[in-house]
Amino acid sequence: MAELKGWRDIPIGGMILEAGNAVEYPTGTWRAFRPVFGEAKCIHCFTCWLYCPDSSILVDPENEKMLGFDLEHCKGCGICASVCPVNAKVRREAGEELARDDPRLCIRMVEEGKFQE
Amino acid sequence: MSKFEALTGNDAVATAMRQINPDVVAAYPITPQTSTVQKFSEFVADGLVDTEFVTVESEHSAMSACVGASAAGARVMTATSANGLALMWEIVYIAASNRLPIVMSLVNRALSAPINIHCDHSDVMGMRDSGWIILFSENAQEAYDNIIQAVRIAEHPDVLLPVAVCQDGFITSHGMERVEIYEDEDVRAFIGEYRPQWSILDVDHPKTYGPLDFYDYYYEHKRQQVEAMKNAHRVIQEVAEEFNRKFNRNYGLFEAYRLDDAEVAVVVVNSTAGTAKVVVDQLRAEGLKVGLLKPRVFRPFPAKELVDALRHLKAVAVMDRSISFGSMGNAGPLFLELAAAMALHGVHIPMADYVFGLGGRDILPSEIESVYRDMLRAAETGQVERMVTYLSVRE
Ligand code: SF4
Ligand code: SF4
């Protein structure tokens, strides 16, 4: 967290005058669920990257690879898991309802309290 | 050359708006403000202004459109009354907190319920803590002059706050008076061109208005609003001085009428001050030392100056056209704040509040005279009979 400034030293009205400084605000602490890779292989389609509202999908653009999650900023909304086409395929083929943290998924949403490395 | 026209208060404000030629006006019609925007929409239709006139579906949308346009860097105006202002509520605070110099003509009307379209000050008193600058106008001339000055006050770089200019519903808004209308060029020269410092449309310098602001910075932004209000106290007087020089007027924080050698006085805003002046003259003719203080600036509240203007008196009556229900003595807001200011500045003279005119109830010269006579008695005895009187309500 950047050092906090006094009222004379910040823009008026809560205005943000620098573009892209949301990165300085670590919103990852708000998370109740954590996105984690499961057993199903990622096909690097970038759908999750496109939909993530917090720009928290880490990618390697050169090699067109989805690398993982920026947990400093990810708020755990689960949008990546719900738009992932591999997740959709796994769910359809399972023939049963899958919990959101089912290990067979590509992106699983695991409760922070239950998460283990 | 200026010229004199027979205009209602609403037409006078619409004329000021034509001369100001704002970039955007967003407003919804509500009695008794309606004829302002009706007249202004004629100016738009006739091509006399370049304004983008946004006809919205509610006052909440009107103020929202004003906020968006002002953040985009436009010079923005609106007009409303009573329940319309109440419907704007959420965005009224946002306009002030986002530091957007919007100018509003507020034609004072009683808030529902029961529904009533006539004058009192319950609407504006509800917004007194919202962060807007609030000016009162005795008549159509003052409404016109205040609107012009409001643009300069709001847009001053040390202020950047929205301004509401009040006039009394129907009494002023629909009463036709002789109003001096200045040359268009003179008004435009006075207000100058608006150069917004932080326009959203300045795409080379991207910025965000109204982001999430938590415990770590929200408080600092409120402290900035305090500073802007403090600055407004100075800027309002500077703008008035320049206006007075240019247009030969006499605006300040308040008007003192036969107050210097008075022993008792009434403090009252808007049109009733005009009636009270007649009463002052009548009582003066009887040799009674009575005077009047008419606040023009209510926010920021010029406590010290008001106290200094009143400290020589032997009794002071405040006349409030609204009630702060459940407050000390169920008094009116003007009395409560002025009484606190007097006490905290060490001035202890008998003071009483007279609530009057709710929902457009007429206030007669004889009633104002009774207030003066009460105060003359209080000056003799050193105390008031009642702290709060509900003038002319039937028992
Ligand atoms: S959980 Fe939400 S915020 Fe986190 S990476 Fe997925 S889409 Fe982005
Ligand atoms: S949406 Fe699923 S498959 Fe596509 S890149 Fe993201 S994690 Fe991989």
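Everything quoted here is computed from the prediction, not taken from an experiment.

A.B. asks: It is not clear to me how the interface of chain B and chain A should be interpreted in this structure. Could you clarify?
C.D. replies: Reports of interface size often rely on the accessible area that becomes lost once the parts have come together. With 19 residues of chain B in contact, the opposing surface of chain A contributes 17 residues. When the area that chain B buries against chain A is broken down by residue, the three leading residues are Trp198(B), Tyr217(B) and Gln224(B), summing to 30%. Where chain B packs against chain A, one counts zero salt bridges. Counting residues per element, the side of chain B that touches chain A draws most heavily on helix 8 (residues 218-247) of chain B, which supplies five residues.

A.B. asks: Would you take a moment to explain helix 11 (residues 333-344) of chain B for this structure?
C.D. replies: For an α-helix, the turn length of 3.6 residues means that residues three or four places apart are oriented alike. Residues and elements named next belong to chain B. Here helix 11 spans 17 Å end to end across twelve residues, near enough to the 16 Å set by a 1.5 Å rise per residue. Within helix 11, the full set of buried residues consists of Pro-333, Leu-334, Phe-335, Leu-336, Leu-338, Ala-339, Ala-341 and Met-342. Packed against the buried residues of helix 11 are helix 5 (122-126), strand 10 (264-267), strand 12 (297-299), helix 10 (303-310), strand 13 (315-320) and strand 14 (351-355). A positive backbone phi angle near 75° is found at Gly-346, which sits one or two residues after helix 11.

A.B. asks: Is there a simple way to explain the site of ligand 2 in this structure?
C.D. replies: Residues and elements named next belong to chain A. Neighbouring ligand 2 are 13 residues; Cys-42, Cys-45, Phe-46, Cys-48 and Cys-84 lie closest to it. Of all elements in the fold, only helix 1 (47-51) and helix 3 (85-94) reach the threshold of two or more residues within the shell around ligand 2. For the shell around ligand 2, the class distribution of residues is eleven nonpolar, two polar and no charged.

A.B. asks: Whenever I open this one, unusual backbone geometry confuses me. Can you help?
C.D. replies: Of all residues except glycine, most have a negative phi; of all peptide bonds, most are trans. Residues and elements named next belong to chain B. In this structure, the amide linkage connecting Thr-31 to the following residue, Pro-32, adopts the cis form with an omega of 0°. Along the chain, the position of Pro-32 falls in the loop between strand 2 (24-27) and helix 2 (34-45). Following Ser-112, the chain continues to Ala-113 via a peptide bond in cis, the omega torsion being 0°. Along the chain, Ala-113 turns up in the loop between strand 5 (103-108) and helix 5. Backbone geometry places Ala-82, a non-glycine residue, at a positive phi of 35°. For Ala-82, the position within the fold is in helix 4 (residues 82-97). What makes Ala-82 buried here is its relative accessible area of 0%. Residues other than glycine seldom take positive phi values, yet Phe-170 does so here, at roughly 65°. Position of Phe-170 relative to the elements: it lies in the loop between strand 7 (163-168) and strand 8 (176-181). Among the residues examined, Phe-170 registers a relative accessible area of 24% and is labelled partly exposed.

About the cut-offs
- Residues numbered from 1 in each chain as written.
- Chains lettered and ligands numbered in written order.
- Predicted model: local features only at pLDDT ≥ 70, side-chain atom pairs only at ≥ 80, totals over all residues.
- Heavy atoms only, no water.
- Contact = heavy atoms within 4.5 Å.
- Buried area = accessible area lost by both parts, 1.4 Å probe.
- Salt bridge = Lys/Arg side-chain N within 4 Å of Asp/Glu carboxyl O.
- Helix = DSSP H or I, 4+ residues; strand = E, 2+ residues; numbered from the N terminus.
- Expected span 1.5 Å × (residues − 1).
- Buried < 20%, exposed > 50% of the residue type's maximum accessible area, 1.4 Å probe, protein only.
- Near = heavy atom within 4 Å.
- Nonpolar A, V, L, I, M, F, W, Y, C, P; charged D, E, K, R; others polar.

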